[in-house]
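# A look at the structure
Spelled out from the first residue to the last, the chains are:
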Amino acid sequence: MSVHRFCVKDVDTATPEESAWVAAVRMHDRAVGSLVVVDPQQRPVGIITDRDLVERVMMFDRLPREVELSEVMTPDPVVAKSNASVESAIELMREGGFRRLPLVDDDRQLCGLISLDDVLMLLCEEVSQIGQIIRKKTPEAIVAQGV
């Protein structure tokens, strides 16, 4: 199954020149925990998370309005092609120790974002559907006995 089928397609982005303050406000307003930092061609050049802002700006008492994202973002994020399998996306996240993976098209332009939460929700839905099938196919007498 391709990650593009269930990824977030309307990805929240920022530019490297934006301030940490602007990024924090955008994350708050959009209720997201990260922004993909893109160049003018919409290619991912970094990623910034709410945790990055705390650990790289606030912790050092830096003024968020004066800190550019290029100074505190994680540069050159690992990306996956939009037609990548769920399994390969999970493997990339596991190997890299991160929860979010930008997806790119053949021109390396941002076209989606998959998160570990998205993967977990997909798995939960699939397990739920399997449970429904099992309930439909299980004889009622067995279900009534609680076996």
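Report on the accompanying structure. (Residues numbered from 1 in each chain as written. Predicted model: local features only at pLDDT ≥ 70, side-chain atom pairs only at ≥ 80, totals over all residues. Heavy atoms only, no water.)

This part is about unusual backbone geometry. Phi is positive for Gln-42, close to 65 degrees, though the residue is something other than glycine. Its location among the elements puts Gln-42 in the loop between strand 2 (34-38) and strand 3 (44-49). Although it is not a glycine, Asp-76 sits at a positive phi angle of roughly 45 degrees. Among the secondary structure elements, Asp-76 is positioned in the loop between strand 4 (74-75) and strand 5 (80-81). The exposure class assigned to Asp-76 is exposed, which follows from its relative accessible area of 64%. (Helix = DSSP H or I, 4+ residues; strand = E, 2+ residues; numbered from the N terminus. Buried < 20%, exposed > 50% of the residue type's maximum accessible area, 1.4 Å probe, protein only.)

Summarising burial for strand 3: five of the six residues are buried, a large majority. With five bridges connecting them, strand 2 and strand 3 associate as antiparallel partners. Within strand 3, the position partnered with Leu-35 by the bridge is Ile-48. Taken together, strand 2 and the strand that follows it, strand 3, pair antiparallel across an intervening segment of five residues, in which Gln-42 is found at a positive phi of about 65 degrees. Sheet topology places strand 3 next to strand 4; two bridges connect them, and they run antiparallel. Paired with Ile-47 across the two strands is Thr-74, which belongs to strand 4. (Pairing = 2+ DSSP bridges.)

The next subject is the side chain of Asp-12. Examined against the element boundaries, Asp-12 turns out to sit in the segment before strand 1 (13-14). By relative accessible area, which is 17% here, Asp-12 ends up buried. A polar atom in the side chain of Asp-12 sits 2.9 Å from the side chain of Arg-30. Setting aside residues no more than four positions away along its own chain, Asp-12 makes contact with Arg-30, Val-32, Ser-34, Leu-35 and Val-36. (Polar contact = N/O pair within 3.5 Å; in protein donor to acceptor, adjacent residues only side chain to side chain. Contact = heavy atoms within 4.5 Å.)

Moving on: the pairing of strand 2. For strand 2, the buried fraction is high: five of the five residues fall into the buried class. Going residue by residue along strand 2, you find Ser-34, Val-36 and Val-38 tucked away on one face and Leu-35 and Val-37 tucked away on the opposite face as well. Sheet analysis places strand 1 next to strand 2, joined by two bridges and oriented parallel. Considered in strand 2, the bridge of Ala-14 is made with Val-37.

Looking now at the sheet that holds strand 1. Pairing in this open sheet of four strands is mixed, and the strands run 1-2-3-4 from one edge to the other. Because the sheet does not close on itself, it has two edges, and the strands there are strand 1 and strand 4. Of the strands in this sheet, strand 1, strand 2 and strand 3 are in contact with helix 1 (residues 20-30), which crosses strand 2 at around 130 degrees. (Axes fitted to C-alpha atoms, helices over the stretch in contact; angles between N-to-C directions.)

Through backbone hydrogen bonds, the strands of a sheet pair up, either in parallel or in antiparallel fashion. The strand order across the open sheet formed by three strands is 5-6-7, and the pairing between neighbours is mixed. In the strand order of this sheet, the two ends are held by strand 5 and strand 7 (110-115), each with one partner. The pairing of strand 6 (residues 100-104) with strand 7 spans five bridges and is classified as antiparallel. Looking at strand 7, one finds that Leu-101 is bridged to Ile-114.

So, on to the pattern of salt bridges. Opposite charge on two side chains lets them pair, provided their charged atoms get close. Applying the stated criterion across every chain yields a total of eight salt bridges. The partner of Arg-26 in a salt bridge is Glu-18, and the shortest N-O contact between them spans 2.7 Å. On the basis of relative accessibility, which here comes to 18%, the residue Arg-26 falls in the buried class. Judged by relative accessible area, Glu-18 falls into the buried class, the value being 16%. Between Arg-51 and Glu-55 there is a salt bridge, and its shortest N-O distance comes to 2.9 Å. With Arg-51 and Glu-55 both in helix 2 (residues 50-56) and four residues apart, this pair spans about one turn of that helix. Classification of Arg-51 by relative accessible area gives exposed; the value is 56%. Glu-55 gets classed as partly exposed once you look at its relative accessible area, which sits at 41%. (Salt bridge = Lys/Arg side-chain N within 4 Å of Asp/Glu carboxyl O.)

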